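Chain by chain, the residues run as shown.
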Amino acid sequence: MATFDHEKMEVYARALDFVGSANTLRDALVSGRSGLADQFDRAAISIALNIAEGAGEFASREKARFYRIARRSATECAAILDILRKLELASEPEVASAREEVRIIVAMLVSLAKSIEARGSS
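Note that the structure is predicted; figures quoted are calculated from it, not measured.

1. As for helix α2 (residues 34-55)
Residues separated by three or four positions in an α-helix point in the same direction, a consequence of the helix having 3.6 residues per turn. Relative to the 32 Å expected for 22 residues at 1.5 Å per residue, α2 spans 32 Å between its end C-alpha atoms, a close match to the ideal helical length. Helix geometry: α2 is bent most strongly at Ser46, by close to 25 degrees. Of the residues making up α2, those classed as buried are Leu36, Ala37, Phe40, Ala43, Ala44, Ser46, Ile47, Ala48, Asn50, Ile51, Gly54 and Ala55.

See below:
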């Protein structure tokens, strides 16, 4: 079976894992928090989708732009995790684990975007 470029990327695999973690946390939200749950879904899924779009792009500038968008979605997820913690809507170990997943994804995306931008400007 043929693979796509994004399927070969560790950051994409980690983003998919995070979608699963976010879904587990989302499912535990009490009713009345559907807006927050939906926003969490959109932001988590956006990470993976933008990584895939970036991997499929040929132009360095656009490729890096998609990775920066993915990073912004990941930092949005980090903020949502802060809200879950502050409002005591998820357990501390669950939030801490998910935050570590997001931290790693953000670091990988920053490195990826910077390396692409450096190659594009040289």
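2. Quick word on the packing of aromatic side chains
Enumeration over the complete set of coordinates arrives at one aromatic pair. Above the face of the Phe66 ring, Arg65 is positioned so that its terminal group lies 4.9 Å from the ring centre.

3. Some points on the nonpolar core
Phe18, Phe40, Ile51, Leu81 and Leu84 are the most contacted members of the largest nonpolar core, which has 36 residues in total. Broken down by secondary-structure element, the contributors of at least two residues to this core are α1 (10-27), α2, α3 (60-86) and α4 (92-121). When near neighbours in sequence (up to four residues on either side) are disregarded, Phe40 contacts Phe18, Ala22, Leu25, Cys77, Ile80, Leu81 and Leu84.

What counts and how
The residue numbering used here restarts from 1 in each chain and proceeds along that chain's sequence as written. It should be noted that, the model being predicted, local features are given only for residues of pLDDT at least 70 and side-chain atom pairs only at 80 or more, the latter also being counted only at that level, while totals for whole chains, interfaces and linings use all residues. Each side-chain value is derived from all of the structure's non-hydrogen atoms; neither hydrogens nor water enter the calculation. Helix numbering and strand numbering both begin at the N terminus, where a helix is a DSSP run of H or I of at least 4 residues and a strand a DSSP run of E of at least 2. Multiplying 1.5 Å by the residue count of a helix minus one yields the expected span of that helix. What the bend at a residue measures is the angle between two axes, fitted to the seven residues ending there and to the seven starting there. Three exposure classes are used, based on accessible area relative to the maximum for each residue type with a 1.4 Å probe and protein chains only: buried under 20%, partly exposed in between, and exposed over 50%. Any two rings among Phe, Tyr and Trp, with Trp reduced to its six-membered ring, count as a pair given centres within 6.5 Å; such a pair is stacked if its planes are under 30 degrees apart, edge-to-face if over 60, and tilted if neither. Definition used: whenever NZ (Lys) or CZ (Arg) falls within 6 Å of the ring centre and also within 35 degrees of the ring normal, the charge is taken to sit over that ring. In plain words, nonpolar cores are sets of buried Ala, Val, Leu, Ile, Met, Phe, Trp, Tyr and Cys residues tied together by side-chain atoms within 4.5 Å. It only takes one pair of heavy atoms within 4.5 Å for two residues to be counted as in contact.

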